[in-house]
Amino acid sequence: MNKLNELPIFTDGSDSLLSKHLTKAVFAELRGKQTRNGFDLQQAINSGLKNPDSSIGVYAGDKASYNTFAALFDPIIESYHGFIKTDKHQSNFEPNDLDALNPDPDNNYIISTRIRVARNLSALPLGPAISARQRKIVERLVIVALSKLQGKLAGTYYPLQGMIGAVRLKLVEDHFLFKAGDRFLEAAGLNRDWPEGRGLFHNDEKTFLVWINEEDQLRMISMQMGGDIKAVFSRLSIAVAELETALMFSKSDHLGYITSCPSNLGTAMRASVHIKLPRLSKNMPEFEKIAKQYQLQIRGIHGEHSESQGSTYDISNRRRLGVTEVECVQALHAGVLALINREKLF
Ligand code: ADP
Ligand code: IOM
């Protein structure tokens, strides 16, 4: 990788948090630094430099990156989550504390609900700095932990290596598997040695899934058709607690769970619905205003950086750090109710 000699110039079109916070002074302070894993500023910012349409643009190679590159990461974390250096993250993954009746019991608007959390093993670097051998170790440890799951959570692991192309594409199309060749992950070094060490675990019903070695080492996912947000949350809460007895995840009192992208720190939770809003989506300014009011993010139907199809959107909580798991989902629930109520008024 080329060494950075000068402060990068961002094109006018770039709106990433990297472009906003990589000032001359920050660049001068950080350009010679690296963590004990050899992860340096060039690697941390390469995704944002190569992809001016990034929303964040930086990645951590390990937990230490959040200290070593704090002059850049802290303001990015504050901008994204509204969370400052002296704040402390709190967790509450208790389903009984969630007040979330199905906002669409007649299935008129919500197609499906999905909640995922990201996790990384505390003993190893994060994906952008992991070696091929370490990635295989992650895969092995996680497979062993998953093999102990019982009842409705029990399932099978499908490695990407050797998977038939058409099978893989169908899993991606059906929203169960991550896509190949993502350019944001590519520039962050997250696609090295593809497809080795990557794979998908799921139970028979495909309501509990684990992605191994994508943007984070684990993405644990609970999903099902319809709008029963509480059922999806409860299943995830049980599964995560089970896996936490077998695996040691990287976290800190200040930042909660440590993830490769700062947008996922804290709960590392993205709770989303796929929702049809044919009338409201014709009035994007109003749609966006409601989403902003409830701190929700609007994504396309095939996930981050995808376009929507028809009038179906992916709506999810934006903040993940400085809020508990229950609060993430409560925010989604309140926002989805507001969107449905507005849609009904047209
Ligand atoms: P992540 O949520 O893991 O950060 P993406 O935004 O790329 O990553 O989404 C991953 C996949 O999950 C995509 O195929 C996306 O369409 C799918 N997905 C997200 N939310 C839902 C949902 N509520 N129902 C069904 N699939 C979903
Ligand atoms: N989480 C990550 N995929 N994303 C926020 C990248 C970006 O747009 O900067």
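Structure's up top.
Right, let's walk through the structure included here. Small disclaimer: the values here were computed from a predicted structure and weren't measured. (Residues numbered from 1 in each chain as written. Chains lettered and ligands numbered in written order. Predicted model: local features only at pLDDT ≥ 70, side-chain atom pairs only at ≥ 80, totals over all residues. Heavy atoms only, no water.)

Once that is clear, we can look at the nonpolar core. Counting 56 residues, the largest nonpolar core has Phe208, Met220, Leu236, Met269, Ile275 and Ile315 as the members making the most contacts within it. When residues in this core are grouped by element, the largest group, eight residues, is from helix 11 (residues 325-345). The residues contacting Leu236, other than those within four sequence positions of it, are Phe93, Ile115, Arg116, Val117, Phe208, Met220, Ile221, Ser222 and Met269. Counting residues in hydrophobic clusters, the runner-up holds 33 residues, among them Leu30, Phe69, Tyr80 and Leu265. (Core = buried A, V, L, I, M, F, W, Y, C linked by side-chain atoms within 4.5 Å. Buried < 20%, exposed > 50% of the residue type's maximum accessible area, 1.4 Å probe, protein only. Helix = DSSP H or I, 4+ residues; strand = E, 2+ residues; numbered from the N terminus. Contact = heavy atoms within 4.5 Å.)

A word on the site of ligand 1. Around ligand 1 lies a shell of 18 residues, among which Ser112, Arg114, Arg270, Ser272 and Arg299 are the nearest. Between ligand 1 and Ser272, the relevant distance is 2.7 Å, taken from a nitrogen atom to a side-chain nitrogen or oxygen of the residue. Within the complex, 92% of the 550 Å² of free accessible area of ligand 1 lies under protein. When residues of the shell around ligand 1 are traced back to their parent elements, those giving at least two are strand 1 (110-119), strand 5 (218-225) and strand 8 (269-276). When the residues that make up the shell around ligand 1 are grouped by side-chain class, the tally is four nonpolar, seven polar and seven charged. (Near = heavy atom within 4 Å. Polar contact = N/O pair within 3.5 Å; in protein donor to acceptor, adjacent residues only side chain to side chain. Areas by Shrake-Rupley, 256 points an atom, 1.4 Å probe, with all protein chains shown as cover. Nonpolar A, V, L, I, M, F, W, Y, C, P; charged D, E, K, R; others polar.)

A word on empty space enclosed by the protein. Unoccupied space between atoms shows up once a probe the size of one water molecule is rolled over them. Summed over all chains, the structure comprises one cavity of 30 Å³ or more. Lining the largest cavity are Gly127, Ile130, Arg135, Leu190, Arg198, Asn213, Glu214, Glu215, Asp216 and Gln217. Of the residues contributing to the lining of the largest cavity, the split by class is two nonpolar, three polar and five charged. (1 Å grid on protein atoms, 1.4 Å probe; cavity = no way out; pocket = protein on both sides within 12 Å on 5 of 7 lines; lining within 4 Å. Points joined across faces, edges and corners; volume = space filled by probe spheres on them.)

Worth remembering: the numbers are spatial, not functional.
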